[in-house]
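The residues making up each chain are set out below.
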2 protein chains.
Amino acid sequence: MAPNSLSSARVGMIGGGQLARMTQRAAIDLAVRLEVLAASPQDPAVLAGVPHQIGDPLDPDAVVSFARGLEVVTLDHELVSSEALGRIQENGIPVVPDPAALRYAQDKLFARTRLASMGYPIPAFSRVDDAGGVERFASEHGWPIVLKMSTMGYDGRGVEVVHNLDQAAHTLESAGVWLAEEMLDLSVELAVVVARRQSGEAVTYPVVETVQEDGICRELIMPARIDPGLAAAATDLALDVVAEIGAAGIVAVEMFVTTEGDLMINEFATRPHNSGHATIEGAVTSQFHNHLRAVLDWPLGSTRLVAPAVAMVNVLGMGARTAMRQLPSALGVDGASVHLYGKDERLGRKIGHVTALGESTDASLDTARRAASILGGAK
Amino acid sequence: MAPNSLSSARVGMIGGGQLARMTQRAAIDLAVRLEVLAASPQDPAVLAGVPHQIGDPLDPDAVVSFARGLEVVTLDHELVSSEALGRIQENGIPVVPDPAALRYAQDKLFARTRLASMGYPIPAFSRVDDAGGVERFASEHGWPIVLKMSTMGYDGRGVEVVHNLDQAAHTLESAGVWLAEEMLDLSVELAVVVARRQSGEAVTYPVVETVQEDGICRELIMPARIDPGLAAAATDLALDVVAEIGAAGIVAVEMFVTTEGDLMINEFATRPHNSGHATIEGAVTSQFHNHLRAVLDWPLGSTRLVAPAVAMVNVLGMGARTAMRQLPSALGVDGASVHLYGKDERLGRKIGHVTALGESTDASLDTARRAASILGGAK
C-alpha cells in the first residue's frame, strides 16, 4: 500500500463496511487515496477495490500499524480501540473524530451522563446493575422501560423494551453495562447530519425523519415533515452539541420528538451514517464527500437539496442472493436509485438502500418502497 | 481476478482511463464487479481500485485473455483490436458495442461514407491522398478546409484546419488515411447522449451544448440553449442513427448546427463520453450507471435533469500538480462538484471536470468556471 503521488491525499478508514464503500465513490471524485483496515477480504469496501489491510480494529497494534504514513485516520464504525487511536495521535497523525468525541458514540452511559450534566434535553435514564435497580427506575418512570447496553449495540442489538421485572432480569443476564431509559411516547424520530471541520466550520443537511422498526432504520424522509420552527431547533441543537463534544467529520445526531413536542437527543454516530444516505442523490454534496472534506480540513460542500422531497428505504437481506437476483427488476422502477453493498444476504441484515427524488414525500417514498420491495423478493 | 459471488455481474472494460474510473462509481452502487484491461498501473481506473490486467488493447491475445470468464466486455476507448473483439464474441461473450457498430467510431471515413449512403445529414467530405485531391475538394468547397485523420484521432489530434495547399501538404505528410471536410459556419455544437440496450430499448439525455477549443471540449451546457424543435430533431436523429448502426451501451452523437440552422452529424463515441459527464450530478441516472445497465441488458434509468440548468467545465492540466494543490481552494466555490481523475498533470491534458447545477445557465456556468479556473492555478 505505497503512497500514490497522483492522489490529492491519503486517508485511512478503520472498518471496511458499506460506509467505507460509499466513501470510495467520493474518494474517486476527489482523487483521494482511501485505505481501509478491514475485518475480511469480503468486506464491502474491499470488494469495491479500496486498498486494505486485514486486521482487528480492537487490536491496538493492528490499528497503529495500519495508520503508518497516512495523512489522517477516520472511522467506518465505532468499535475501535481508543488506546490505539491515542497512540496514532501521539505519532502525529490526526484522528477524526478525536477519541474524546468518539466516546460519546461508543459509550451510551458516558454520553447520557455528560449530556445531562451539560443540560441537554435527553430521556430520563439510570445505570442499572440488577433487578433492584430496574425496579427503582420503573417505580419512578413506569413500565415499560427501555434497557440499553452501554457499549457495542447497533441496529437494535443491545436494546430491549421490557414490560416487567422478569423480562428485565432476563435481559440483564447478558454481560455488559446496562442503562434503563424511560419509554417515551414519540410523535417522530429525527436525525440531523452535521459535517464539521476540526477547525470549527460546520454545515448541516436538512433535518431527516427516520422510521425505525425493531431498532433498525427502515426509511428516511428528507426534509422531515415537521414545523419549520422545530426543524430549526433540531438543527441548532445538533450544531451546538457537536461543537460542544468536539466531534469532526460527519456526525449524525439522532433525536426524539415526543407527542408533547419535546425534542430530545437520543444518540450520536461520529461517522457517515444511514440517516445521511439520501444525500448521495438528494443533496449537492453527499455526506461521504463532506466526510472526506471535513477530515482533510477542506472547505465543506453545499448541503442544499436538489429536489423538494427525498426518500430512502433500506433493503434488508432475505438470503439466497434475493436482492442480487432481483436487481434488474428493481431497476425497472422509474426514478429509483439503487445501492447494493455486496454483502452476504443474511436475513434482516442491511444490504443496500434505494433513494428517490420527487415533488412530494408520498411520490418519492412510493418509488423507493417499490424498488426496495422488489429487491426484497416481491414480484 | 477470481469471480466474486457477492457481485451482481462481472463486466470487463477495455481501457483504464477516466471513463472506466467514473464507471467504477456506478459499479459500486450496483454491486457490479468491474474489471479493466489497463495500459499502466497508473491508469485512472486502476488508481481507483478497479481490478485490472495490464495489456495492450491492440494485442488480440491480451484482449482475448482479459475477456475470459467475463459476462460482457465493453470499452473505455475505441483504440481496440477489432479482431480480438470478434474472437471474444466467438467465445460466446457479448461485446457492447458490437465491433460492427464500433467501426463507426473508429473509422471516420467509413462512418461518413456509410452515413452519406444512408442519407443522414453530414458535412461534405472526401478522402484525400495527396495535394491534388485537396485541390479538387477546395475548388468545390472553398478554403479553409478541415483535414481529419480517419482513425486514431481524439481531442483535436488528427484534426487540422488548413487554409492553403502548402498547409494541407504539410499535414498530409503524417501517415494515415485523411479526409477533407468542408469548413462549416457553425451556430452551435451539440451532443446527444443515448443509452441503448442491445435488445433495442433506448433513452436519451437532454441535448447538450458543447463548447470546443482547438478540438478539445471545454464546456457543456445541459440542456442546450436551443429551440425545442431543434432539440427534438437532434434527439430523433441521434436515436435513429444509433439504432441504424446497431450500437449499444452509451453512444454520444456529436452534431453541428450551421448558421443556416442545418443539423449535421459530426461523429460518434460508442462509450461513455465527455459530453455526458454532467449527468453524474445533473440527471437522475448518470451515463455511467446507464452504460452498465445497457451493457448488462438491464432496464435503463431515468435521464431527467434534477435542476433547470447544468454546466460542466473541463479541467486541463497545467503541470506541477497544480490541480491537486489547488483542490481545497476550488472546493471553496459553493455548489461546485469537482472530479479529478488522478492523472499526471501534463499541459493541456484533460485531468478532471467541474459540474454545477443552477436555476440558470449563467449561474451554473459561472460556478463551474470559477472552480475550474482555480484548479487551473487561478487565485
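The model shown is predicted, which means the values in this text are computed figures rather than measured ones.

Analysis parameters
Throughout this description, residue numbers start from 1 for each chain and increase along the sequence as written. Chains and ligands are labelled by the order in which they are written, letters from A for the one and numbers from 1 for the other. The predicted origin of the model limits local features to residues at a pLDDT of at least 70 and limits the giving and counting of side-chain atom pairs to 80 or more, whereas totals for whole chains, interfaces and linings rest on all residues. Processing note: side-chain calculations cover all non-hydrogen atoms of the structure and skip hydrogens and water entirely. Helix numbers and strand numbers start at the N terminus; a helix is a DSSP run of H or I with at least 4 residues, a strand a run of E with at least 2. Summary of the burial criterion: residues with accessible area below 20% of their type's maximum are buried, those above 50% are exposed, and those between are partly exposed, where the area comes from a 1.4 Å probe applied to protein chains only. Contacts described as polar in this section are N or O atom pairs within 3.5 Å, which, within protein, must combine one atom able to donate a hydrogen with one able to accept it, while residues neighboring in sequence count only if both atoms come from side chains. Contacts between residues were defined by any pair of non-hydrogen atoms, one from each residue, lying within 4.5 Å. Alignment of copies: least-squares fit on C-alpha atoms of residues with pLDDT of at least 70 in both copies. Pairing between strands requires that DSSP locate at least two bridges from one strand to the other. The score called pLDDT rates the predictor's confidence residue by residue, from a low of 0 to a high of 100. What the arc covers is the set of directions going from the helix axis to the C-beta atoms. In what follows, salt bridge is the name for a side-chain nitrogen of Lys or Arg lying within 4 Å of a carboxyl oxygen of Asp or Glu. Throughout, buried area stands for the accessible area (probe radius 1.4 Å) lost by two parts on being put together, summed over both. Following the grouping adopted for this structure description, the nonpolar residues are Ala, Val, Leu, Ile, Met, Phe, Trp, Tyr, Cys and Pro, the charged ones are Asp, Glu, Lys and Arg, and the polar ones are all others, Gly among them. To obtain an axis, a line is fitted to C-alpha atoms, over the contacting stretch when the element is a helix, and the angle between two such axes runs from 0 to 180 degrees between their N-to-C directions. Patch membership requires more than 30% relative accessible area and the absence of a salt bridge. Residues of like charge join within 9 Å; the nonpolar side chains Val, Leu, Ile, Met, Phe, Trp and Tyr join within 5 Å. Values of accessible area rely on a 1.4 Å probe in the Shrake-Rupley scheme; residue burial ignores everything except the protein chains shown. Side-chain rings of Phe, Tyr and Trp (the six-membered ring for Trp) are treated as a pair once their centres are within 6.5 Å; stacked means planes under 30 degrees apart, edge-to-face means over 60, and tilted covers the remaining angles. Each ring is checked for a lysine NZ or an arginine CZ that lies within 6 Å of its centre and within 35 degrees of its normal; such an atom marks a charge sitting over the ring. An angle below 35 degrees is read as roughly parallel, one above 145 as roughly antiparallel, one from 65 to 115 as roughly perpendicular, and any other as oblique. We call a crossing left-handed when the near helix sits turned anticlockwise from the far one by less than a right angle, and right-handed when that turn is clockwise.

### Some details on the side chain of Asp 107 of chain B
Residue and element names in this part refer to chain B. Relative to the elements of secondary structure, Asp 107 occurs in the loop between α5 (99–106) and α6 (108–117). Residue class for Asp 107 comes out buried when judged on its relative accessible area of 16%. A distance of 3.2 Å separates a polar side-chain atom of Asp 107 from the backbone nitrogen of Leu 109. Those residues within four positions of Asp 107 in sequence are excluded, and the remaining contacts are Ser 150 and Thr 151.

### A closer look at unusual backbone geometry
Residue and element names in this part refer to chain A. Omega for the peptide link from Met 222 to Pro 223 comes to -5 degrees, which places this bond in the cis form. Along the chain, the position of Pro 223 falls in the loop between β12 (216–222) and α9 (228–245). For Ala 31, which is not a glycine, the phi torsion comes out positive at approximately 55 degrees. Structurally, Ala 31 is set in the loop between α1 (18–30) and β2 (32–38).

### Structural notes on the relation of the copies chain B and chain A
The second copy of the chain is related to the first by a rotation about an axis and a shift along the axis. When chain B is brought onto chain A, the operation consists of a screw motion whose angular component is 180 degrees and whose axial shift is 0.0 Å, with 0.0 Å RMSD remaining. When the rotation and shift are considered jointly, the pair of chain copies conforms to a two-fold rotation axis. For chain B, the smallest separation between a C-alpha atom and the rotation axis is recorded for Gly 49 of chain B, amounting to 2.1 Å. The fraction of interface residues of chain B whose copies in chain A are also interface residues reaches 100%, indicating that both copies meet through the same surface.

### Remarks on the pairing of strand β12 (residues 216–222) of chain B
Residues and elements named next belong to chain B. Within β12, six of the seven residues are buried, leaving the element largely enclosed by the surrounding structure. As paired strands, strand β11 (residues 208–213) and β12 are joined by five bridges and run antiparallel to one another. Residue pairing in the sheet places Glu 213 in a bridge with Ile 216 of β12. Remark: two residues form the turn of the hairpin made by β11 and β12, two consecutive strands paired antiparallel; Asp 214 in that turn has positive phi of roughly 50 degrees. As paired strands, β12 and strand β15 (residues 309–316) are joined by four bridges and run antiparallel to one another. Across the sheet, the residue bridging to Leu 220 is Met 312, located in β15.

### Some thoughts on the confidence of the model for chain A
Chain-level statistics for chain A give a pLDDT mean of 94 and a share of 97% at 70 or above. This complex was scored by the predictor with a pTM of 0.95 and an ipTM of 0.95.

### Describing helix α8 (residues 165–172) of chain B
All names here are of chain B. Looking only at α8, the buried set comprises Ala 168, Thr 171 and Leu 172. When α8 is viewed along its axis, its buried side chains cluster within an angular range of 95 degrees and face the same direction. Among the exposed residues of α8, those pointing more than 90 degrees away from its buried face are Asp 166 and His 170. On its buried face, α8 is in contact with β5 (125–128), α7 (131–141), β6 (145–149), β7 (159–162) and β8 (178–182). For α8, the side-chain oxygen to backbone nitrogen distance between the N-cap and Asp 166 is 3.2 Å, and the N-cap itself is Asn 164.

### Overview of the environment of Gln 212 of chain B
All names here are of chain B. In this fold, Gln 212 is placed in strand β11. For Gln 212 and Val 96, which are 116 residues apart along the polypeptide, the C-alpha to C-alpha distance reads 28 Å. A polar side-chain atom of Gln 212 sits 3.0 Å from a polar atom in the side chain of Thr 210.

### Things to note about the pattern of salt bridges
According to the stated counting rule, one finds 36 salt bridges over all chains in the structure shown. Linking Glu 35 of chain B and Arg 10 of chain B is a salt bridge whose minimum nitrogen-to-oxygen distance equals 2.5 Å. Linking Glu 35 of chain B in strand β2 (residues 32–38) with Arg 10 of chain B in strand β1 (residues 9–14), this pair joins segments that are 25 residues apart in sequence. For Arg 10 of chain B, a relative accessible area of 12% corresponds to the buried category. Connected through salt bridges with shared partners, the residues Arg 10, Arg 33 and Glu 35 of chain A form a single ionic network.

### Concerning the interface of chain B and chain A
The interface of chain B with chain A comprises 42 residues on the first partner and 42 residues on the second. For the pair chain B and chain A, the summed buried surface comes to about 3600 Å²; carbon and sulfur atoms form 54% of the total. Linking chain B to chain A there are four salt bridges. With a shortest N-O distance of 2.6 Å, Arg 25 of chain B and Asp 29 of chain A are connected by a salt bridge. The interface formed by chain B and chain A holds 14 residue pairs in polar contact (both at pLDDT 80 or more) in total. Looking at the side of chain B that touches chain A residue by residue, the classes come out as 19 nonpolar, 14 polar and nine charged.

### Some details on the sheet that holds β8 of chain B
Residue and element names in this part refer to chain B. Sheet architecture is open: four strands sit in the order β5-β8-β6-β7, paired in antiparallel fashion. This sheet does not close on itself; its edge strands, each paired only once, are β5 and β7. Taken pair by pair, the neighbouring strands of this sheet meet at an average axis angle of 25 degrees, ignoring direction. Here β6 pairs with β7 via four bridges, running antiparallel. Pairing of Leu 147 across the sheet is with Glu 160, part of β7. Of the strands in this sheet, β5, β6 and β8 touch α6, which is tilted by about 140 degrees from β5. Across the face of the sheet, α8 comes into contact with β5, β6, β7 and β8 while running at roughly 160 degrees to β7.

### Quick word on a nonpolar patch on the surface
Residue and element names in this part refer to chain B. A cluster of nonpolar side chains, namely Leu 58, Leu 79 and Met 152, defines an oily patch on the protein surface of about 260 Å² accessible area. As for its position among the elements, Leu 58 is in the loop between β3 (52–54) and α3 (60–67). Under the relative-accessibility criterion, Leu 58 is labelled partly exposed at 46%.

### Some thoughts on the packing of aromatic side chains
This model, assessed by the stated rule, comprises four aromatic pairs over all chains. Between Tyr 104 of chain B and Phe 268 of chain B the ring centres are 6.1 Å apart and the planes differ by 80 degrees, which places this aromatic pair in the edge-to-face class. Of this pair, Tyr 104 of chain B sits in helix α5 while Phe 268 of chain B sits in strand β14 (residues 263–269), and the two are 164 residues apart along the sequence. When sorted by exposure, Tyr 104 of chain B lands in the same class as Phe 268 of chain B, which is buried. Among the aromatic residues, those joined into a ring-pair cluster are Tyr 104, Phe 110 and Phe 268 of chain A. Sitting over the face of the ring of Phe 110 of chain A, Arg 103 of chain A holds its NZ or CZ atom 4.0 Å from the ring centroid.

### So, the packing of α1 of chain A against helix α1 (residues 18–30) of chain B
The contact between α1 of chain A and α1 of chain B brings their axes to 10 Å, and the two run at 165 degrees. Taken together, the axes of α1 of chain A and α1 of chain B are roughly antiparallel relative to one another. The interaxial crossing formed by α1 of chain A with α1 of chain B has left-handed handedness. For the pair α1 of chain A and α1 of chain B, the contacting residues are Arg 21, Gln 24, Arg 25, Ala 27, Ile 28 and Asp 29 of chain A in the first and Arg 21, Gln 24, Arg 25, Ala 27, Ile 28 and Asp 29 of chain B in the second. For the contact of α1 of chain A with α1 of chain B, a count of residues per class yields four nonpolar, two polar and six charged.

### Focus on the sheet that holds β3 of chain B
All names here are of chain B. Taken in spatial order, the four strands line up as β3-β2-β1-β4 in an open sheet, and their pairing is parallel. At either margin of the open sheet sits one strand with a lone partner, and together these are β3 and β4 (72–75). The sheet shows a mean angle of 20 degrees between the axes of neighbouring strands, taken without regard to direction. In this sheet, β2 lies alongside β1 in parallel orientation, the contact comprising six bridges. Within the sheet, the bridge partner assigned to Ile 14 lies in β2 and is Leu 37.

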